[in-house]
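Working through the structure, step by step
What follows is the residue order along each chain.
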Amino acid sequence: SSGSRDEALRDKRARLLARGLPKQKPIEGVKQVVVLASGKGGVGKSTTAVNIALALAANDSTKEVGLLDADVYGPSIPKMMNLKGNPELTPKNLMRPLKNYGIACMSMGFLIEETAPVVWRGLMVMSAIEKLLRQVDWGQLDYLVIDMPPGTGDVQLSVSQNIPIAGAVIISTPQDVALLDARKGAEMFRKVHVPVLGLVQNMSVFQCPKCKHETHIFGADGVKDLAKTLGLDILGDIPLHVNIRETCDSGQPVVISQPQSDAAKAYLKIAMEIVRRLPVPPA
């Protein structure tokens, strides 16, 4: 029948496509990888990644957490995590992550001068990503949070196809322009069979510190509407708050420096929602 013929054709096409893909290989010592992505730059993804990594550790002190900065062109994790210097090498020639606040961190920012631009073509970027994934001694981690660069290009595909990912989280502001790209990000992960755990609505509301009046600068419920359209969950809302920006700029993220604040509580709740949706980790 034509139905079974179509199915056989689809199977054949899938096999041919899979032949060109690298075999997914887990990162040694890492139980679960969670990627944080956004279709668009400037939506606060790295700030969210840093605070979520810290929140995962704060919610359960028995868990070991790592943070990988996969943004080769604009690494911001070293500044936000207050880390400087070059990684040491192990006897096996693997890089040792730098550590602060109990989080093991790796970033291109540790390997180049702080002010030096990375002027590379795609192949060199892919090679750097491969090194950051495979040539790092993470020890034993329960969660490795990967801060992806914005967009849906080479790096996102390479990471998704090289390592098994337990789940992806999409960060967006409620602004229409950001939502268009966030949707593309979610669809990309679905295409490469990475489960999307949900969406985070960032910079959702601004409260005037003097009169406490609330303003939805980027719109009110855009991310919630998108989640409904895509059949995904909203993991949480993060307000547009000066403390979040100031603490990350000073290398003391809000989850660590102001754990009782509403902003920190928002990140802790999102970290809990992420863990609830992750598959049972391998023993």
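This is a predicted model, so every value here is computed, not measured.

**Side note on the overall build of the chain**
The secondary structure content of the chain amounts to 10 helices and 10 strands. Residues classed as buried in the chain amount to 47% of the 283 residues present. Once local pairs closer than 6 in sequence are excluded, the contacts in the chain between residues at least 24 apart make up 76%. Carbon and sulfur atoms provide 53% of the accessible area of the chain, an area that totals close to 14,700 Å².

**Some points on the sheet that holds strand β1 (residues 30-37)**
Hydrogen bonds between backbone groups are what pair the strands of a sheet, and the pairing can be parallel or antiparallel. Strand order in the open sheet formed by eight strands is β3-β4-β2-β5-β1-β6-β7-β10, and the pairing between neighbours is mixed. The sheet is open, and its two edges are formed by β3 (98-100) and β10 (234-237), each paired on a single side. Between one strand and the next, the sheet's axes are offset by a mean angle of 25°, whatever the strand orientation. Sheet analysis places β1 next to strand β5 (residues 141-147), joined by six bridges and oriented parallel. What sits directly across from L36, in β5, is D147. On top of the sheet, helix α10 (residues 262-277) reaches β1, β5, β6 (167-172), β7 (196-201) and β10; it is set at about 175° to β10, its chief contact.

**Digging into the nonpolar core**
Considering soluble globular proteins, one finds that nonpolar side chains tend to be buried as a cluster. Ranked by size, the top nonpolar core spans 78 residues in total, and within it L67, W138, I146, V159 and F189 carry the most contacts. Among all residues touching F189, those that are not within four sequence positions of it are V35, A37, M148, S160, A168, I170, V194 and V196.

**Quick notes on the pairing of strand β4 (residues 103-107)**
Of all five residues in β4, five are buried, a share of seventy percent or more. The side-chain alternation of β4 yields two buried faces, one formed by I103, C105 and S107 and the other by A104 and M106. Across five bridges, strand β2 (residues 65-69) lies against β4 in parallel orientation. Bridge pairing in β4 links G66 to A104. Between β3 and β4, which follow one another and run antiparallel, lie two residues, and Y101 among them has a positive phi close to 55°.

**Things to note about the pattern of salt bridges**
Tallied over the full model, the rule gives six salt bridges. In this structure, K31 engages D142 in a salt bridge whose closest nitrogen and oxygen atoms are separated by 3.6 Å. With K31 in strand β1 and D142 in strand β5, this residue pair connects regions lying 111 residues apart in the sequence. For K31, a relative accessible area of 40% puts it in the partly exposed group. Of the charged contacts, one joins R277 and E273 as a salt bridge, the two residues approaching to 2.6 Å between their closest N and O atoms.

Cut-offs used in this document
- Residues numbered from 1 in each chain as written.
- Predicted model: local features only at pLDDT ≥ 70, side-chain atom pairs only at ≥ 80, totals over all residues.
- Heavy atoms only, no water.
- Helix = DSSP H or I, 4+ residues; strand = E, 2+ residues; numbered from the N terminus.
- Buried < 20%, exposed > 50% of the residue type's maximum accessible area, 1.4 Å probe, protein only.
- Contact = heavy atoms within 4.5 Å.
- Areas by Shrake-Rupley, 256 points an atom, 1.4 Å probe, with all protein chains shown as cover.
- Pairing = 2+ DSSP bridges.
- Axes fitted to C-alpha atoms, helices over the stretch in contact; angles between N-to-C directions.
- Core = buried A, V, L, I, M, F, W, Y, C linked by side-chain atoms within 4.5 Å.
- Salt bridge = Lys/Arg side-chain N within 4 Å of Asp/Glu carboxyl O.

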